[in-house]
Amino acid sequence: MDLSYTDEERAFRDEVRAFMAEHLPASLSDKVKRGQTLTKADHEKWHAILNAKGWLAGNWPVAFGGTGWNAVQRHIFDDEMTKASAPRIVPFGLAMLGPVLQKFGSKEQQDYYLPRILNGDDWWCQGYSEPGAGSDLASVRTTAERDGDDYIVNGQKTWTTLGQHANMIFCLVRSSKEGKPQEGISFLLIDMTAPGVTIRPIVLIDGEPEVNEVFFDAVRVPAANLVGEENKGWTYAKYLLTHERTNIAGVGFARAGLENLKRIARLERADGKPLIQNPHFAARIARVEIDLMAMSTTNLRVVSKAAAGQAPGAESSMLKIKGTVIRQEINALTRNAVGPYAMPFASEGLTEGSNAEPIGPDYARAATAQYLNNRKLSIYGGSNEVQRTIISKAILEL
Amino acid sequence: MNFDLTDERQMLQDGLRRYLGDAYTPASVSAIDAAERGFSPAIWQGLAEMGVIGALFGEGDGGFGGAGFDIALVFEEMGRIGAVDPLLDTAILGGGLLAALGTDAQVSSVRDVIDGTMHLALAHGEPTSRYDLTRVTTTAQKTPTGYRLDGRKAVVVNAPAADMIIVSARTNGNMAEANGISLFLLPADTPGLTLRSYPMAGGGQAAEIVLDGVEIGNAARLGPENAALGALETATARAILAISAEALGLMEAIRALTTDYLKTRKQFGKPIGQFQALQHRMADMLIEIEQARSAVINLAGHIDAPAALRDTHVSATKNLIGIVAKQVVEESIQMHGGIGMTQEYALGHLAKRLTMVDHRFGDTTHHLERFITLAVA
Ligand SMILES: Cc1cc2nc3c(=O)[nH]c(=O)nc-3n(C[C@H](O)[C@H](O)[C@H](O)COP(=O)(O)OP(=O)(O)OC[C@H]3O[C@@H](n4cnc5c(N)ncnc54)[C@H](O)[C@@H]3O)c2cc1C
């Protein structure tokens, strides 16, 4: 047992750290630090910088233009990104669709779409959930009917994150009503500029239009956009979800959040002393930090197993639950740390182009919005209840 | 022992619930969102006409209530509908301080408050005072005719709508001394007083206030010089009762909404309320909300007790309410899934308003510490 990185791993970490120091624009890291909403152009800029270095696709094999990193290297990279307050890599094309196309897509699909993902020609969004199909994803009702060389798609997707920026959506659609629900699902790539596609924003409780509804009204989709075989989409969808769950623990985010919390608690004063010296508040911070220390080792235990060629299975459900609960508690404590200045609803200070002086200290303005927004962590990507069911079935065999 | 409402209070509760149910329509709510004051003047007038504001004042002050259980009843109903009307700021804090400390001329404004024609705000908290009532750095310097005020006040709720603002300032003593705090009653348009207004996460409006050489006469002082802290503590105790009862109403509303949702939302071919994992958590939520109700009753019953006993209940209740509020907010959003994250669905507003309760008049940690001092150590 050795808890430290090998020399090679340390060298890699230093290389990543130096790259961040040199190439991450302050205009972007400032926004991340202040919890401001990043624009489409911000994301594209950061992707382009990483792509120029060849580091955009951390989980793709070299053959497809990726880095070929193992799980520990990916972990180090993610960790350094968050430490540097870099924008997260938008996952839909890179972390989700890419691996599916690499494993199940046709040669034509791979040759066409993968470079476009790297170059930022396409912005993908994820069309899984529907109003009636959330946790029970296999009950999707959006239909795809074959008509000559096309499919005709009708139905609705919802909760589509950043769909407003996207020109492409990958969807689970019902292509057959025979057999079990899982057996009639296909995985289809749809051009969002095609006639019959409409998109409507959904404003979340923090005031941000982060997700969308996407409607399909007799949309013609070339049959060439089917991934793999018709009615086999459930297999691909599940494969994608295992990739969605990489870095699920969010250790880097939690560490950055904890540092920020402590910084605020040192600056805030309660009864004439720094808040961090208040034993009751400090105890709450300590509890979450102790949890985080253990969880980051649990995370490394799971990650290093995967590096040796074993896929993290149901263990990732454990990481998801513990990781999200810790991050949410850090958000709650941060909201508490800023005191009465959590009350102003400062959405204008969170968006691009606003030079409005913040109300209260600068560090206060995103606290409530982030607390509210990160309630999503335990809902999406398979809710924490769904993860508990996976653990009790797959690990405990109950 | 009798935990039933008196007939009068039962009538008030029924009437208020009916009125608020009719008044808070989707149309009136979106009108409020667009309005600058952060609430509906029409609904406010209706509350005054029903006698809801009067129920918060004793007979000696022109009202017909003012007891702890009157406050609890009114604010629980306001919470149930997620009302954003500034009853707490205009009536409990502003009106309460006027009634307690005012000269005859100043006290006459209480009638206007009860009639619904006057709005008030208390400008006491400062950018670095957090929840400490004694921490006042705003100064009131004596002038030949009165005082000159200089300083900053933070998150002054309802200031944008207030006709008169009660400002606390130091006439003596150091920054955190109990003695030396005085109150002043100022028209909101007094020269030298500027507001920066903004909406709040749970609804309503507040402002940052700058006092820059504000000249006022002696008659503007509210209550005795240097000795306002006791009255501020009493007003804050009553405000904590009000906001705790409001929180209880919000919790009840959220529980009802969530229970309904669990009965109607289907996944895996059945209502999600049939999953035991969720049933048990709803049961836990119910237990904690009943704890919150008892804590509010405890405080309502002791609001006029001697300060030490009163404040033990103040801190016990506010601590417990803060903890239960967090649980109710987080669990209800979680059990709703994606829909619980949206601005449009009714839960969003209720959950935000309930979350903000922990940011006024001291949070769970502040009151835990105060309770230790008062009752444990
Ligand atoms: C901010 C945000 C972004 C999202 N982005 C995307 C996206 O880009 N693309 C996409 O396709 N989807 C996205 N989603 C959707 C997300 O995956 C779903 O919200 C999630 O799957 C839960 O589904 P639901 O919201 O319909 O809740 P429901 O499935 O209705 O669940 C409601 C509650 O019931 C619980 N529950 C359900 N079944 C059981 C059970 N058997 N036992 C115990 N408890 C149960 C759930 O855990 C939850 O607490 C996003 C969601 C959010 C909030």
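Reading guide: rules and limits
Residues numbered from 1 in each chain as written. Chains lettered and ligands numbered in written order. Predicted model: local features only at pLDDT ≥ 70, side-chain atom pairs only at ≥ 80, totals over all residues. Heavy atoms only, no water. Patch = residues over 30% accessible without salt bridge, like charges linked within 9 Å, V, L, I, M, F, W, Y side chains within 5 Å. Areas by Shrake-Rupley, 256 points an atom, 1.4 Å probe, with all protein chains shown as cover. Salt bridge = Lys/Arg side-chain N within 4 Å of Asp/Glu carboxyl O. Helix = DSSP H or I, 4+ residues; strand = E, 2+ residues; numbered from the N terminus. Buried < 20%, exposed > 50% of the residue type's maximum accessible area, 1.4 Å probe, protein only. Near = heavy atom within 4 Å. Polar contact = N/O pair within 3.5 Å; in protein donor to acceptor, adjacent residues only side chain to side chain. Nonpolar A, V, L, I, M, F, W, Y, C, P; charged D, E, K, R; others polar. pLDDT = per-residue confidence, 0-100. Axes fitted to C-alpha atoms, helices over the stretch in contact; angles between N-to-C directions. Left-handed = near helix turned anticlockwise from the far one by under 90°. Contact = heavy atoms within 4.5 Å. Domains from an automatic or database assignment. Buried area = accessible area lost by both parts, 1.4 Å probe.

J.: Describe a nonpolar patch on the surface, with residues and values.
T.: Residue and element names in this part refer to chain B. Taken together, the side chains of Met 1, Phe 3, Phe 69 and Ile 297 present a nonpolar region at the surface, about 510 Å² in accessible area. Secondary-structure assignment places Ile 297 in helix 8 (residues 276-301). For Ile 297, a relative accessible area of 30% corresponds to the partly exposed category.

J.: So what about the site of the ligand? Which residues, and what values?
T.: Taken together, 28 residues are adjacent to the ligand, and Thr 161, Ser 383 and Glu 385 of chain A together with Arg 265 and Gln 334 of chain B come closest. Site remark: the ligand is flanked by residues from chains A and B. Between an oxygen atom of the ligand and a main-chain N or O atom of Tyr 128 of chain A, the distance comes to 3.0 Å. Between an oxygen atom of the ligand and a main-chain N or O atom of Gln 334 of chain B, the distance comes to 2.6 Å. Considering the ligand on its own, with 970 Å² of exposed area, one finds that the protein chains cover 93% of that surface. The leading source of residues in the shell around the ligand is helix 9 (residues 307-336) of chain B, at three residues. Its residues assigned to classes, the shell around the ligand shows 12 nonpolar, 13 polar and three charged.

J.: Could you give me a rundown of the confidence of the model for chain B, with the residues and numbers involved?
T.: Regions with low pLDDT carry predicted coordinates that are not meant to be interpreted in detail. Across chain B, the average pLDDT comes to 96, with 100% of residues at or above 70. Interface confidence in the predicted complex, given as ipTM, is 0.97; pTM for the same model is 0.97.

J.: Break down the packing of helix 1 (residues 7-23) of chain A against helix 4 (residues 71-83) of chain A for me, citing the residues and quoting the values.
T.: Residues and elements named next belong to chain A. Contact geometry for helix 1 and helix 4: axes closest at 10 Å, N-to-C directions at 35°. Between helix 1 and helix 4 the crossing geometry is right-handed. Side by side, helix 1 and helix 4 meet where Glu 9, Phe 12, Arg 13, Val 16, Arg 17 and Met 20 of the first sit next to Val 72, Gln 73, Ile 76, Phe 77, Glu 80, Met 81 and Lys 83 of the second.

J.: Describe the domain arrangement of chain B, listing the residues and the values that go with them.
T.: All names here are of chain B. In terms of domain boundaries, chain B breaks down into domain 1 (7-115), domain 2 (120-226) and domain 3 (230-376). Look at where the C-alpha atoms of domain 1 and domain 2 centre, and you get two points 23 Å apart. On the domain 2 side, the residues contacting the 18 residues of domain 1 number 18 residues. Both faces combined, the contact of domain 1 with domain 2 buries some 1,400 Å², and carbon together with sulfur accounts for 66% of it. The tally of links between domain 1 and domain 2 comes to five residue pairs in polar contact (both at pLDDT 80 or more). When residues of the side of domain 1 that touches domain 2 are traced back to their parent elements, those giving at least two are helix 5 (87-101) and helix 6 (104-115). Residue contributions to the side of domain 1 that touches domain 2 peak at eight residues, all from helix 5.

J.: Describe the interface of chain A and chain B, naming the residues involved and giving the relevant values.
T.: Contacts between the two partners involve 51 residues from chain A, matched on the other side by 46 residues from chain B. Across the chain A-chain B interface, the total number found is four salt bridges. Its salt-bridge partner being Glu 330 of chain B, residue Arg 375 of chain A comes within 3.5 Å of it at the nearest N-O pair. The set of elements that each furnish at least two residues to the side of chain A that touches chain B consists of strand 9 (269-270), helix 9 (279-307), helix 10 (315-337), helix 12 (367-373) and helix 13 (384-395) of chain A. At five residues, helix 10 of chain A tops the list of elements feeding residues into the side of chain A that touches chain B. When its residues are assigned to classes, the side of chain A that touches chain B shows 25 nonpolar, 14 polar and 12 charged.

J.: Describe in detail the pattern of salt bridges, supporting the description with residues and values.
T.: All names here are of chain A. Counting across every chain of the model gives 44 salt bridges over all chains. As a salt-bridge pair, Arg 10 and Asp 7 come within 2.8 Å of each other at their nearest N and O atoms. Of the two residues, Arg 10 and Asp 7 are both situated in helix 1; the distance of three residues between them amounts to about one turn of the helix. We note a salt bridge from Glu 210 to Lys 376, for which the minimum N-O separation is 2.7 Å. Residue Glu 210 is found in the loop between strand 6 (197-202) and strand 7 (211-222), and its partner Lys 376 is found in the loop between helix 12 and helix 13; the two are separated by 166 residues along the sequence. For Glu 210, a relative accessible area of 17% gives the class buried. Judged by its relative accessible area of 14%, Lys 376 is buried.

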